[in-house]
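# Fold and geometry: a report
Here is what each chain is made of, one letter per residue.
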Amino acid sequence: MTTTTQGDAATTTRGNAGGTTTQGDADTATRGDAATTTRGNAGGTTTQGDADTATQGNTGTATRGNVGAAYIRVEGRDKVTGAARYAGEIPFADLAHGWLVLSSVARGRVRALDTDAVLAMPGVLTVLHHGNAPRVDTAFTGMMGVAPDPSTGLFQHDRVPHMGWPVALVVAETSEQAREAAEALVVRYDREPHDVAFSAGREAEAYALDGHMPAVVEKGDLEAELAASAVVVDAEYTTPEEHHNPMEPHAAAARWEGGRLEVVDSNQGTGWVAGELANLFSLDPASVRVRSEHVGGGFGSKGTRAHQVAAVMAATVLQRPVRVVLTRRQMFSLAGHRSPTAQRVRLGADADGRLRALEHRSLNHTSTVHDFVEPGATASRSMYAADAHHTASRLVKLDVPTPTWMRAPGEAPGSFALESALDELAERCGIDPIELRVRNEPAVGPVSGLPFGSRNLIACFREGARRFGWDGRDPRPGVRREGRWLLGTGTAAASFPTLAMPSTAALTAEADGTFTVRINAADIGTGARTALTLVAADVLEVPADRVRVRIGDSDLGAASIAGGSAGTRSWGWAVTAAAQELRRSLPQGADIPPEGVTVRSDTAEALGALARKERHAFGSQFAEVAVDPATGEIRVRRMLGIFAAGRIVNPLTARNQFVGGMTWGISMALHEEAVRDRASGGLYGADLAGYHVAAHADVPHIEADWVDDPDPDDPVGIKGIGEVGIVGAAAAVANAVWHATGVRHRNLPIRPDRVLAGGDA
């Protein structure tokens, strides 16, 4: 659906550009998202370093073929010169600063807050808490039809459900004054016994809950097929609690202007945040505007969070702008996390490796105030054919913060268990791991029975095997040595659903011959701004430098969030529709009027008409590791990922997305582990000194490339690439460690002490 108007000056975003980023590019995760780039694919060669580096073939003057050519980020210069400002840097007149006070107990009640002494401190303006804060309403349906986390309903009662629960907000003239006062605030609690101990042994008290997909799916007689199998793998796998650490901390400033609430925030969808704030504060949605022009990483954590609600509360009480920025330590409590998982996989196969039975059960924790499912078992539903196919994801409530979306939710931990079990099955059957996957390649969805939109997983494995040198691999474990090092190689498959969300876009042909795209997209470091520039330029058949893209403003209309690898696909669809309509609407042979010609598109109808299919991006992961059996040290020496992820709009930024995901997979396999102290209920080392991530010394030469795989049902051919890069990466590393040592590690991370213990400790 498109509409055409002349002189429609859709709202643009101004005043939200400028500032300085921290070390490197704020689009990059602290875990080293682009430590090494790669070489190879058509469309230009990258150089070592940041994806904002110029590449060959980027002239910006070609009128055709913009999509698929390597193109530097259109905002790259602003970022490296400090002109791009982030949410914590936008100036406001008369700005006050809020500092959250978090609970120091894991369960109980707030008995009293000694606010008088704090209110007398220099610069302190107010202390908000459950006794005086504005009331909010959490009884509404949030994003994707899911109720919002009641944690966003700040200061509504005296209950404390976990360590790090917000109990007060101190607001002062400066951030230094606010912090000093917040640290001086004495809060008295009535403590209650708490429970933070997660383990596979708690499955008896777990329950199934449908999240964004069904919790339990069953096909066939599992026990009968297992009994009839010549080879059975029955193994348990665990992944630890993991935390978001985007380079840019969570920050929001709120102010009232002419009866309208304006929030400048770092988020993954301004429309999402604006809608939830309107519901929380019972406001007319039209009276809420959220802006988020530059975002330094999100990974699923930057939705509606406590700091935004706190800023709005304080701005409402004080009637002046208030900014709240989370510290890195506070983010470990308030930004969400990936739940630990305990997974059991049972595979039954004939002697030739053909699967008869596949069972995948996954358990994760959630908070006592809100249910969040980490759907680890769903990773198995689309991967391999089996006569009996049973998958289930279950929850157990503990006194912990609510988990949330984290890059490849479900697929990242689930693929570790599934792809490790496949490797074990290949070993027992005496079959090459790639050949085993070929023999179990499904013709249709293994559970749904639906046709695949496209499925080029085997093409990824064949190309990856060729480039990695897999054919020369000795399958025997523990036989390759290089001095003190044992060497091994491993592989795993990757997949992630292809999604698209309804979106609207406006496109204006300006009188000066340029074009302006207005769409409420969120560029969280993926290069979405640049990708949409290229998409629009291709349809309009103009050079990319004649297209400007305005994003990150809820006033621009409804559009997809940046999540689920759906952003560029959803927005690109809307931009394509608008550009096609604009070409039909432009006056033939006539000058464009001074106010320009504007059209709007809405993809809801087109998406609703899509035929039902299994739609996924796929990939193959390869890793080589060196293990020192005397010290337990593991070094990943090289990695290769080959992906079938739709048409690649911009090879430069796409490759960095893949490499970033694979780097995170190294972190997941060897480093990341948040550990809760059962006595206090809090985390040990809730900072980047105590929570280990892969540093530059841990990141080897990583290659990422792709096979031709345009989606026939998408107008640009896009699938989505943000998440598939991490899927299977940890399993490839773990499988390589087994090949090096002959010891199977089923618990992540594979720490040196576990290597020295000779297995899972």
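All values derive from a computational prediction rather than experimental measurement.

## Thoughts on the packing of aromatic side chains
The full count for this structure, using the stated rule, is ten aromatic pairs. In textbook terms, an aromatic cluster arises when at least three aromatic residues are bridged by ring pairs, as seen for Phe461, Phe468, Trp470 and Phe622. Above the face of the Phe452 ring, Arg455 is positioned so that its terminal group lies 4.8 Å from the ring centre. One cation-aromatic arrangement involves Arg638 over Phe468; the distance from NZ or CZ to the ring centre is 3.8 Å.

## Digging into the pattern of salt bridges
As enumerated under the stated definition, the model contains 61 salt bridges in all. For Arg354, the salt bridge goes to Asp350, with nearest N and O atoms at 3.3 Å. Glu441 serves as the salt-bridge partner of Arg455, at 2.5 Å between the closest nitrogen and oxygen. With Arg455 in the loop between α9 (433-439) and α10 (457-468) and Glu441 in the loop between α9 and α10, this pair connects stretches of sequence that are 14 residues apart. Residue Arg455 is classed as buried on the basis of its relative accessible area, which comes to 14%. Taking the relative accessible area as the measure of exposure, Glu441 reaches 24% and is therefore partly exposed.

## Considering unusual backbone geometry
Apart from glycine, the bulk of residues carry a negative phi angle, and the bulk of peptide bonds sit in the trans form. The omega angle of the peptide bond from Leu748 to Pro749 is -5 degrees, so this bond is cis rather than trans. Mapped onto the elements of the fold, Pro749 is located in the loop between α15 (729-741) and α16 (752-756). Not every positive phi belongs to a glycine, and Ala408 is a case in point at roughly 60 degrees. On the secondary structure map, Ala408 appears in the loop between β19 (388-397) and α8 (411-429). Classification of Ala408 as buried rests on a relative accessible area of 0%. Positive phi values are uncommon outside glycine, yet Ser565 reaches one of about 55 degrees. Looking at where Ser565 falls in the secondary structure, it is placed in the loop between β24 (547-550) and α12 (567-585).

## Let's talk about the side chain of Ser266
Within the fold, Ser266 resides in the loop between β13 (260-265) and α5 (270-280). A polar contact of 2.9 Å, which involves the side chain of Ser266, links it to the side chain of Lys302. When neighbours within four sequence positions are excluded, Ser266 is seen to be in contact with Ala87, Glu248, Ala251, Ser292, Val295 and Lys302.

## So, the environment of Arg518
Within the secondary structure layout, Arg518 lies in strand β23 (residues 515-518). According to the relative accessible area criterion, Arg518 is buried, its value standing at 7%. Expressed as a C-alpha distance, the spacing of Arg518 and Ala505, which sit 13 residues apart in the sequence, is 5.9 Å. Engagement of the side chain of Arg518 in a polar contact is seen with the side chain of Thr508, the distance being 3.1 Å.

## What about the sheet that holds strand β7 (residues 186-191)?
Read from one edge of the open sheet, three strands run β5-β3-β7, paired in antiparallel fashion. Edge strands, defined here as strands with exactly one partner in the open sheet, are β5 (159-160) and β7. Sheet topology note: the strand β3 (residues 108-114)/β7 ladder contains six bridges and is antiparallel. What sits directly across from Val110, in β7, is Tyr189.

## Considering the sheet that holds strand β12 (residues 251-257)
Here seven strands make up an open sheet; going across it, the order is β4-β6-β2-β15-β12-β13-β14 and the pairing mixed. In this open sheet, the two strands that pair with only one neighbour each are β4 (124-128) and β14 (288-291). Taken pair by pair, the neighbouring strands of this sheet meet at an average axis angle of 20 degrees, ignoring direction. One ladder, built from four bridges, connects β12 with strand β15 (residues 322-325); its direction is antiparallel. Considered in β15, the bridge of Ala254 is made with Val322. Each of β2 (96-102), β4 and β6 (166-172) is contacted by helix α3 (residues 175-184), which is oriented at about 25 degrees to β2, the strand it contacts most. Lying on the sheet, α5 is in contact with β13 and β14; it crosses β14 at an angle near 145 degrees.

## Details of the packing of helix α11 (residues 528-540) against α12
In a packed pair of helices, the relevant descriptors are the angle between the two axes and the axis-to-axis distance. Contact pair α11 / α12: the axes reach a minimum separation of 9 Å and the direction vectors enclose 30 degrees. Overall, the two elements α11 and α12 adopt an arrangement that is roughly parallel. Between α11 and α12 the crossing geometry is right-handed. Note on element contacts: α12 touches α11 through Thr568, Trp571, Gly572, Val575, Thr576, Ala579, Gln580, Leu582 and Arg583, opposite Ala528, Ala531, Leu532, Val535, Ala536, Val539 and Leu540. Along the lines of polarity and charge, the residues of the contact of α11 with α12 split into eleven nonpolar, four polar and one charged.

## What about the confidence of the model for the protein chain?
For the protein chain, mean pLDDT is 91; residues scoring 70 or higher make up 91% of the total. Segment residues 2-63 is flagged for pLDDT under 50; beyond a separation of four residues in sequence, or across chains, it makes 194 contacts in the model.

## Topic: α15
The end-to-end C-alpha distance of α15 is 19 Å, a good match for the 18 Å that 13 residues give at a rise of 1.5 Å each. Within the span of α15, buried status applies to Ala729, Ala730, Ala731, Ala732, Val733, Ala734, Asn735, Ala736, Val737, Trp738, His739 and Ala740. Buried residues belonging to α15 abut α8, β21 (485-497), β26 (616-627), β27 (634-644) and α14 (651-670). Where α15 ends, the next residue or the one after it, Gly742, has phi of about 80 degrees, a positive value.

## A closer look at α8
For α8, which comprises 19 residues, the first-to-last C-alpha distance of 26 Å matches the rise-based estimate of 27 Å (1.5 Å per residue) to within 8%. Backbone geometry just after α8 places Gly430 at a positive phi near 70 degrees.

Rules of the game
- The residue numbering used here restarts from 1 in each chain and proceeds along that chain's sequence as written.
- For a predicted model such as this one, the threshold for reporting local features is a pLDDT of at least 70, and the threshold for listing and counting side-chain atom pairs is 80 or more; totals across whole chains, interfaces and linings nevertheless cover every residue.
- Note that water and hydrogens are dropped before the side-chain values are worked out from all heavy atoms of the structure.
- Pairing of aromatic side chains requires ring centres within 6.5 Å, counting the rings of Phe and Tyr and the six-membered ring of Trp. Pairs whose planes differ by under 30 degrees are stacked, by over 60 edge-to-face, and all others tilted.
- Counting as a charge over the ring demands two things of the Lys NZ or Arg CZ atom: a distance within 6 Å of the ring centre and an angle within 35 degrees of the ring normal.
- Any carboxyl oxygen of Asp or Glu that lies within 4 Å of a side-chain nitrogen of Lys or Arg is treated as forming a salt bridge with it.
- Secondary structure counts use DSSP, requiring at least four H or I residues in a row for a helix and at least two E residues in a row for a strand, with both numbered from the N terminus.
- The classification of residues rests on relative accessible area computed with a 1.4 Å probe and restricted to protein chains. Under 20% of the type maximum is buried, over 50% is exposed, and intermediate values are partly exposed.
- Residues adjacent in sequence count toward polar contacts only when both atoms are side-chain atoms; beyond that, a polar contact is any pair of N or O atoms within 3.5 Å, and within protein one must be able to donate a hydrogen and the other to accept it.
- Two residues qualify as a contact provided that any one of their heavy atoms is within 4.5 Å of a heavy atom in the partner residue.
- Here, a strand pair is defined by DSSP locating no fewer than two bridges between the strands.
- To get an axis, a line is fitted to the C-alpha atoms, and for a helix only the part in contact is used. The angle between two axes follows their N-to-C directions and goes from 0 to 180 degrees.
- Working definition: roughly parallel below 35 degrees, roughly antiparallel above 145 degrees, roughly perpendicular at 65 to 115 degrees, and oblique for all remaining angles.
- Crossing handedness is read from the near helix: turned anticlockwise from the far helix by less than a right angle, it gives a left-handed crossing, and turned clockwise, a right-handed one.
- Ten residues, namely Ala, Val, Leu, Ile, Met, Phe, Trp, Tyr, Cys and Pro, are considered nonpolar, four, namely Asp, Glu, Lys and Arg, are considered charged, and the remaining ones, Gly among them, are considered polar.
- Each residue carries a pLDDT value, the predictor's own confidence for that position, ranging from 0 to 100.
- Helix span, expected: 1.5 Å multiplied by one less than the number of residues in the helix.

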